[in-house]
Structures are given as structure tokens and as C-alpha cells.
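What follows is each chain in one-letter form.
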Amino acid sequence: MMNYPLLKQQMNPRIKQAWRYSILITAAMSLVISLGAILVARFFTFNRQLFDLLLGVFLILVTVITVMNLLLIPYRYAFHRYEVTDQDLALQTGYFFRSTTYVPLNRIQHLETKQGPLLRHVQLLDLNISTAATTHTLDGLDVQTAQKLRQQLIALVKAARDDA
Amino acid sequence: MPSPQHLHLAGLPIFLLQKFKILFVILLPLFFVAFKKQSTLFWLLIATGIVLTLQISLIYWFTTYQITPAEIKINSGLWIKKARVIPYSRIQSIHQSQWFFYKPLHLVHLRIDTANTEENQAEANLFAIPEQRLTLIQHYQKQNPKFNASVHEPQKQQKQNHANYTAVKTTVPPSDYQLNLKQLFLFSFTETSVIVSTLATISILVTLLPENIRNQINRDQNDVITIIFLTAIILMLAFSVAMAKNLLRFYHFQVRRQHQNLQIEYGLFERQTQTITIGKIQSVEIQQNLLQRLFKLSRVSIAIAGGQDSQDDAATAKSALLPIIRQDQVLTTLQRILPEQDWTIPAFHYPTAQSHQLHWYFWRSSLLILLPVSALTAYFALAWVWLPILLLVIALSSQSLRQKRQAYVLYNQDTLCLQTIHLLTEKQMIIRRKHIQVLTIKTSKWLAPKQYGHLELSALAGSSFSITRLRFIPLSAAKELVTFYRQSRR
């Protein structure tokens, strides 16, 4: 971690709970799909051995990925950061595969806040930042921070545009 | 204000063709099947065709346009009326094309691109309007305060144009670059896309060969001369097809600099003219594939923001600026066409060329995929093992070349030139800082301690964006580029 500079701002810790729910819901949906496949398989006669093997591999993969994702939540949180300067907005994601993106403020075309049921439950918001070419998301901001950040970005974008 | 004008009826066949293009592919086989069986489906298809033709013709007729000194207004829609207003300041490029049957009628097909990235099409698509209306649009565009033209037209003439759409007479200056037939032949010979279309034509020709000739070839397969002779004929035929395709598309290709506009003209049966405002050019790309490197030739293309109608290459969303040019003439020609940019590019920094440790990083993905594939092919189909091995050799060569040749240079405080390798083709992208949309540094848990990472640059190209990557570069080099990008604008 020492060799990799981290940005200043972290998300609200409640985002970890939303991620946990999201991982568990994905796992539950995968299990429902497996159950559906078992029910469908009862009505058709085909290679049952191959079907059982594929289903076994699928379930093992779902279990491993779910456990891994749950264990990695603290790391994901530690590397999920952002920073706003008077020139640009920087976003950082990833633990194994790390990415730092720099978006100059005068490239920002529009800002959008989003809140799904999971984020609503933990009282957090997503802030989408769109340039002419790309869209970036800051997920896991509490409502007040998101609104403050949105106002701050709008003011900075205006100042940056006036300077350009 | 001038009254709304209808599109000329000569454009209706082109409009119908464009609207029916996708339907044709789906419905034509169905139509033939229905015709053979003389079923009710046949008559149903005919009735649907007539109704659709009528509806599309009405849509065409109800599309009107108005050219005012401030904007272009387009009204369209049969049931739901739609009015689109395009102020001249928003125009990124104007693309005009003229089918051979438009010429005696003095008509043009006009497509106007703005920075709208929502749709993959031109914002204004006027299928047939008189030539003088185009001249009027160009005239108003020049009058626009944001259009920094070096020559101003007299105000008196503007009033006259506004009153009755009288054409503004403009003199056409000589071109700054043009493609002659010899260069067109060289272009066809060295383009990778031509090689691909040659291979496609070969496969079609082989399937179209009559059964008895194919049997003859099978019987004579030991006859080396017959095989060589047939291969040569097929290659020549395929190359002629590719050559003809290029001749139709790039015939008499010429580039002309006119004040703050770049005018690109090309095409045999459908003569196309693209007018691009200089300030709207996002990046310039100089590229050279293996064959072009052998003949010391290059190709230059430009990326502009806007709908995809003005690009000649939909895959890369870029327009050809100099389709083929001698390597030593590239920068002088660019200096003449785009003098606002300094084309004396300093020496590149090659961040990965010297490090032997990086061979593995560049090779590992290709080895990981193609070695098992080769092993499996050798086990199950030994006769085809040459194919994955050939792919592996190409992939490894491409990656080695990438390691040696990927480079960057910062110059003039606001310009970046990146050199990358894509499938053995060397590309140099010249972009000003203000046109870089987003810059991303990527690394991993394992690369970060070794101080290596990747740099990704996103720039606008058409209605989408292009990403240029420098792979496995030292993080210090990536940070140098980020610092350049983040420095305050002066």
C-alpha cells in the first residue's frame, strides 16, 4: 500500500453494508437460477451426469466468489476513494486491479444523483459524473455529502469554464 | 424569415433506400420464398411494401427546412411533429455528397454534425437541397461570431442572400493535398483493410466456383502449376475488386484549407465533400502498418466530435485526412494544412524499450491463451496446428514491437504525442491537452510494488470515445503525464 498513493476522501462506511447486501442478493439469485435449472431438468431426459457436474461447478463458483467478495469488502472500501481539487476530480477503485481516473472539471457536462432500494436502506446516494465521452460514479455518499459535493462541483466547474 | 422549404424529390429514392436497407436484408429471402410458393404471404409482403413506401414518402415530403442567418431549422414527423434548431456555432462538420444524378440538377445531400453524442447519426440529414442553399449555410456559418474567419464577407451580401437565397459566389482555392491514381494504387496495395477484403472476396469466389471446376482442381491438386495459376488469378481478381472499391470511394481525394475550415472531397459516383471546422478536430493520428513501413508510407486520419455520418471508418470513428503519403512529407503537409499546431515533434521517450524484465508481462496474455489452444489443436486436429502457432507468432511479435516502440512526448506545454502499436500497426496520436477527456492510471496489487502500471487516455471520436493505452510503463512516467494533464490552464 506504501507504493500506491491513496486519495484523501473515503466513502461513508455504511456503503460496506450496501455492498454486503448486494453480494448476498446476487448469490441468492444464482441459487434461484440453479433451483430453476434443477426443476427444468426433471422434465427433460439428457445427460444427467454432465448436468450434475456443471451444476456442481456453478454452485462451487458462486460460493467461492460470494465468500471472496464478502472477505474483500474492507479492502474494497479502503481503495474506493475520491478527491476534488480546483482543477479536477480524481476517482480511485480496486484492490487487486487498481485504477485512478482524473476528470478535469471543465470536461464535466452534467451531474446526476441516483438511489436504489439498497442505497435507500442505508441512506446513501450515488453521484454520476458525465463528460462528453464517459460517465463515472462515486457510490456510497451520504445525502448531505452528495449534495455538498454536487454544489461544490457545480461552482468549481463554472469557475474552471470561466478560466478556460 | 424565409418560408420552410421541402426537400427536392430527386432525393426520395436515396431516402427510401436508406430506410429500407435493413428491412431488405431480412425480408428479401422471405420474399423469394413466398414468391416461389405463390402464397398469401407474398401478397401480404407486397401490400406491406407499398404501405411502407407510401409512409416513408410522406415522411420525406413532410420534412422541411429553413435557413436563417442565426440557425438552421428542420421540421419533420408525420404523426408527431418534431422541430430541430441547429445554431451555426454548434456545427462540428458539414458533410455533403453528390450522386451522379444530382449533378445536372445542381443538388447536394447534406449532413450536419454537432457535438451531440446521443445518437449515432448526423443531427441534420437533408437528402436533396439545391447547391446554393449549401453555399448560403457556409456563408452564414462564416458570419457567426464564434467562427473565427480570417476573411469577412460584406454585410450587404448577407442581406441579399437572406431575401431570396441567392448563391454566394466563392472561389475555390487549389488543394493542399490530393491523391493521384498511382497513390491510390499504392494505397490499395498497402492497406490492411484491402488485404481483409481480398481474403473475403477469395472465399466468396471459391464458393461460387462451379462444381466441375472444383472437382477438376481436386483431381489436379498435384499439379503445382495449375494451383499457382488459379491462386494468381483469384488474387488478381480479389485485388481488382478491392482496388475498384477504393477507386469508387477515394477517387480524386483532395484536402483544401479554407480559412477556419478543412474541406475534404472524394468519390467517383457519389462525390462527397466534408467541411470540418478546425477547432472541432479532437486529435490527429499518423499510422503505418508493416507494408507501409516497407514502402516508407503513412496514413493520417482525424477524429472529430459528432455523429458518425461524417466518418469514413465507422470502426475507428475517424476520417481519412491524408489516406497515403510519403513518410518524409507527413509533417510538412500537416504544417501546411493545420498551421496552428507545431508539427516539429521532439524525440520520443520509450519507457519500456530497455527493460528485459518486461518481456514476460507483454507476452504472458498471448502465451496463456494461445499455448493451450495450440496444444489442444495439436492433440485433436494436428493438420490445423499451424493456425494457432501462426497466431501466437503474430501476437508475440506484435507485443515485442509494442514493448520496443510504445512511446510518448510532451511538447509546447499543451500537446501530447503518444505512439502505440496495434496489431503490428504503429500509431502516433497527437492531441492537445484540452481535448483529452479523461486520463486513467491502472495498476494491480502485484504491479504496484514494482512501480509499473498502465495509462489510458480517453478522447472524443465521433459519437463515442477512443481509448489509447500505454501498457506496463513505469508509474513515474504515468505520473509525469498526469501532472502535465492536471497543470492549471493558462
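Below: a short report on this structure.

Calculation rules
- Residues numbered from 1 in each chain as written.
- Chains lettered and ligands numbered in written order.
- Predicted model: local features only at pLDDT ≥ 70, side-chain atom pairs only at ≥ 80, totals over all residues.
- Heavy atoms only, no water.
- Helix = DSSP H or I, 4+ residues; strand = E, 2+ residues; numbered from the N terminus.
- Rg over C-alpha atoms; globule rule 2.2 N^0.38 Å.
- Buried < 20%, exposed > 50% of the residue type's maximum accessible area, 1.4 Å probe, protein only.
- Contact = heavy atoms within 4.5 Å.
- Areas by Shrake-Rupley, 256 points an atom, 1.4 Å probe, with all protein chains shown as cover.
- Lys, Arg positive; Asp, Glu negative; His and termini not counted.
- Charge placed at Lys NZ, Arg CZ, Asp CG, Glu CD.
- Buried area = accessible area lost by both parts, 1.4 Å probe.
- Salt bridge = Lys/Arg side-chain N within 4 Å of Asp/Glu carboxyl O.
- Polar contact = N/O pair within 3.5 Å; in protein donor to acceptor, adjacent residues only side chain to side chain.
- Nonpolar A, V, L, I, M, F, W, Y, C, P; charged D, E, K, R; others polar.
- Pairing = 2+ DSSP bridges.
- Patch = residues over 30% accessible without salt bridge, like charges linked within 9 Å, V, L, I, M, F, W, Y side chains within 5 Å.
- Axes fitted to C-alpha atoms, helices over the stretch in contact; angles between N-to-C directions.

Side note on the overall build of chain A
- The secondary structure content of chain A amounts to 5 helices and 7 strands.
- Put simply, chain A runs from its N terminus to its C terminus through helices and strands in the order β-α-α-α-β-β-β-β-α-β-β-α.
- For chain A, whose C-alpha radius of gyration is 21 Å, the value lies well above the compact-globule estimate of 15 Å for 164 residues.
- Counting only C-alpha atoms, chain A reaches 70 × 35 × 30 Å along its principal axes.
- The buried share among the 164 residues of chain A stands at 41%.
- Counted over contacts in chain A with a minimum sequence separation of 6, partners at least 24 positions apart contribute 54%.
- Carbon and sulfur atoms make up 62% of the accessible area of chain A, which amounts to about 9800 Å² in all.
- Side-chain charges in chain A split into 16 positive and 10 negative, and the spacing between the mean points of these groups amounts to 8 Å.

Section: the side chain of Gln138 of chain B
- For Gln138 of chain B, the position within the fold is in helix H3 (residues 131-143).
- Not counting chain neighbours up to four residues away, the residues in contact with Gln138 of chain B comprise Gln96, Gln263 and Thr275 of chain B.

Some points on the interface of chain B and chain A
- Taken together, the contact between chain B and chain A spans 28 residues of the former and 23 residues of the latter.
- For the chain B and chain A pair, buried surface summed over both sides reaches about 2200 Å², with 55% attributable to carbon and sulfur atoms.
- Here chain B and chain A share 1 salt bridge between them.
- Here Asp88 of chain A makes a salt bridge to Arg486 of chain B, at a shortest N to O gap of 2.7 Å.
- Summed over the shared surface of chain B and chain A, the result is 9 residue pairs in polar contact (both at pLDDT 80 or more).
- It is strand E18 (residues 436-444) of chain B that contributes the most residues to the side of chain B that touches chain A, 9 residues altogether.
- Here the side of chain B that touches chain A is built from residues that sort into 11 nonpolar, 10 polar and 7 charged.
- Relative to E18 of chain B, strand E4 (residues 97-104) of chain A runs antiparallel, the two being bridged by 6 bridges. Among the inter-strand pairings, Tyr102 of chain A is bridged to a residue of E18 of chain B, identified as Leu439 of chain B.

Quick notes on a nonpolar patch on the surface
Residue and element names in this part refer to chain B.
- Together, Leu17, Ile22, Leu23, Phe24, Val25, Ile26, Leu27, Leu28, Leu30, Phe32, Leu41 and Leu44 make up a nonpolar patch on the protein surface, roughly 1100 Å² of accessible area in all.
- Only helix H1 (12-37) and helix H2 (40-61) provide two or more residues apiece to the nonpolar patch.
- Here the nonpolar patch gets 10 residues from one element, more than from any other, and that element is H1.

A closer look at the sheet that holds strand E19 (residues 452-461) of chain B
- Strand order in this open sheet of 7 strands is E1(A)-E2(A)-E3(A)-E4(A)-E18(B)-E19(B)-E20(B), and the pairing throughout is antiparallel. The open sheet has two edge strands, strand E1 (9-10) of chain A together with strand E20 (464-474) of chain B, and neither has a second partner.
- By the bridge criterion, 6 bridges tie strand E3 (residues 88-93) of chain A to E4 of chain A in an arrangement that is antiparallel. Bridge pairing links Leu89 of chain A to Val103 of chain A in E4 of chain A.
- The sheet strands contacting helix H11 (residues 358-380) of chain B are E19 and E20 of chain B, and the helix crosses E20 of chain B at an angle near 140 degrees.
- Packing of helix H13 (residues 475-486) of chain B onto the sheet brings it into contact with E3 and E4 of chain A together with E18, E19 and E20 of chain B, and relative to E18 of chain B it is tilted by some 155 degrees.

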